[in-house]
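Understanding the architecture of this molecule
Spelled out from the first residue to the last, the chains are:
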Amino acid sequence: MRIAMFSSQPYDRRFFEEARAARNDGAEIHYHATALDAETAVLAQGCTAVCVFVNDVLDAATLDLLHGLGVRALLLRCAGFNNVDLHAAARLGMFAARVPAYSPEAVAEHALAMIQTLNRHTHRAYARVREGNFALEGLLGMTLHGKTAGIVGTGKIGLATARILNGFGCRVLGFDPFPSPAFAPLGTMVPLAQLLAESDIVSLHCPLTDTTRHLIDAATLAAMKPGAMLVNTSRGGLIDTAAVIEALKSRQLGALAIDVYEQESALFFHDHSGDILTDDIFGRLLTFPNVLITGHQGFFTIEALREIAAITFDNLDCFRRGGQCANLLPAPD
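Everything numeric here is computed off the predicted structure, so don't read it as measured data.

Scoring rules and cut-offs
- Residues numbered from 1 in each chain as written.
- Predicted model: local features only at pLDDT ≥ 70, side-chain atom pairs only at ≥ 80, totals over all residues.
- Heavy atoms only, no water.
- Pairing = 2+ DSSP bridges.
- Helix = DSSP H or I, 4+ residues; strand = E, 2+ residues; numbered from the N terminus.
- Axes fitted to C-alpha atoms, helices over the stretch in contact; angles between N-to-C directions.
- Contact = heavy atoms within 4.5 Å.
- UniProt positions renumbered as here; feature names shortened; annotations may be inferred.
- Expected span 1.5 Å × (residues − 1).
- Buried < 20%, exposed > 50% of the residue type's maximum accessible area, 1.4 Å probe, protein only.
- Core = buried A, V, L, I, M, F, W, Y, C linked by side-chain atoms within 4.5 Å.

A look at the sheet that holds strand β4 (residues 73-76)
- Reading across the sheet, the five strands line up as β2-β1-β3-β4-β5 and stay open at both edges, with parallel pairing between neighbours. Among the strands making up the open sheet, the edge pair consists of β2 (28-31) and β5 (95-97). Strand-to-strand twist of the sheet, defined as the mean angle between neighbouring strand axes without regard to direction, takes the value 20 degrees.
- As judged from the three bridges shared by β4 and β5, these two strands associate in the parallel manner. By the bridge assignment, Ala73 is partnered in β5 with Phe95.
- On the sheet, helix α1 (residues 10-23) packs against β1 (2-5), β2 and β3 (49-52) and is oriented at approximately 180 degrees with respect to β2.
- Where helix α11 (residues 302-321) meets the sheet, its contacts fall on β1, β2, β3, β4 and β5, and the angle it forms with β4 comes to roughly 160 degrees.

Some points on the UniProt feature "domain: D-isomer specific 2-hydroxyacid dehydrogenase catalytic" (unreviewed entry) in the protein
- The feature "domain: D-isomer specific 2-hydroxyacid dehydrogenase catalytic" (unreviewed entry), as annotated in UniProt, sits at residues 3-328 in this numbering.
- Taken end to end, residues 3-328 comprises 36% helix and 15% strand; its first and last C-alpha atoms sit 18 Å apart.

Some details on the sheet that holds strand β9 (residues 201-204)
- The parallel open sheet is built from seven strands, whose spatial order is β8-β7-β6-β9-β10-β11-β12. A single partner strand is all that each edge strand has here, and the edge strands are β8 (188-189) and β12 (291-293).
- When strand β6 (residues 148-152) meets strand β7 (residues 171-175), the two strands line up parallel, connected through five bridges. Among the inter-strand pairings, Val152 is bridged to a residue of β7, identified as Phe175.
- Most of the contacts of helix α6 (residues 156-167) go to β6, to which it runs at about 175 degrees, and overall it touches β6, β7 and β9.
- Contacting β10 (228-232), β11 (253-258) and β12, helix α9 (residues 241-250) runs over the sheet at an angle of about 140 degrees to β11.

Observations concerning α6
- The end-to-end C-alpha distance of α6 is 17 Å, a good match for the 16 Å that twelve residues give at a rise of 1.5 Å each.
- Taken as a whole, α6 has its buried residues at Gly158, Leu159, Ala160, Thr161, Ala162 and Leu165.
- In this structure, the buried residues of α6 make contact with α4 (104-120), β6, β7 and β9.
- Just downstream of α6 lies Gly169, where phi reads positive at about 90 degrees.

Things to note about the nonpolar core
- The biggest cluster of nonpolar side chains holds 52 residues, and the ones touching the most others in it are Phe16, Val50, Leu63, Leu66 and Leu74.
- By residue number, the principal contributor to this core is α11, which donates eight residues.
- Membership of the second largest hydrophobic core comes to 29 residues, among which are Leu204, Leu208, Ala228 and Leu238.

So this is what it looks like as structure tokens:
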């Protein structure tokens, strides 16, 4: 079995080779740093499966090319699958499975780290102290205890975030069209409009679909509590970035913390420190002192990477055996 892994980084090789050795799996993995799309699909020549990540493009054109090269399995090492044309995959009869939940606490803890960093300005305090500046002016934050935190999406990561914020003594509100019963001990499910109006912090934990794309736009930003903090560790497309910039400029939005960005595929997971930034919208975000951006690292823990590798190999075993797989991508509507 030959597998072409796209968008691979040194840490992917480390944890996948570790898992392969532990299982004594004879799969031959070819690691490619480049992302998958119609132009790079040829790199999967001679492979039965491709292993892909969040910014790889698996549209109809790419899937047709892969199928023509002999690829029959799509192994996603992530939970989201908005980058996959489900209709094309079904038409071609391709096996497609994901990693639906890998250490949800990892992403939840990163969301909390971003909240605390932005709220208490620890990133700015660190830089000041390194320069011998111990002044506190400009570092004023708020006490999270007693504040209202809104969780949009009560899946595994949303629940983990709610547990942490509940432990901080926050009043936790939740919104989800398909609410989880496990949320009941942690907070109160409310309509989205109420959550936005009452929350001091709004944290997004929902998938990117046609109905959730630009869930946060000019209208929902206007409906938020003035001065609230918005946090997104889910998918960049949930936020209309241009609308967020206007809300920051008007001070309707008090602060923004994002680990994802709707145009991140051209930026994230690579070193661009020597390049000229051509994304003017992203460049504008970088000018705000009340904006914190990380490069899609919420998942990036030892435990999560080990779990991703293990579940991906489990999915591969399902493909080999031809049996049932709990992690198959859902059938298209």
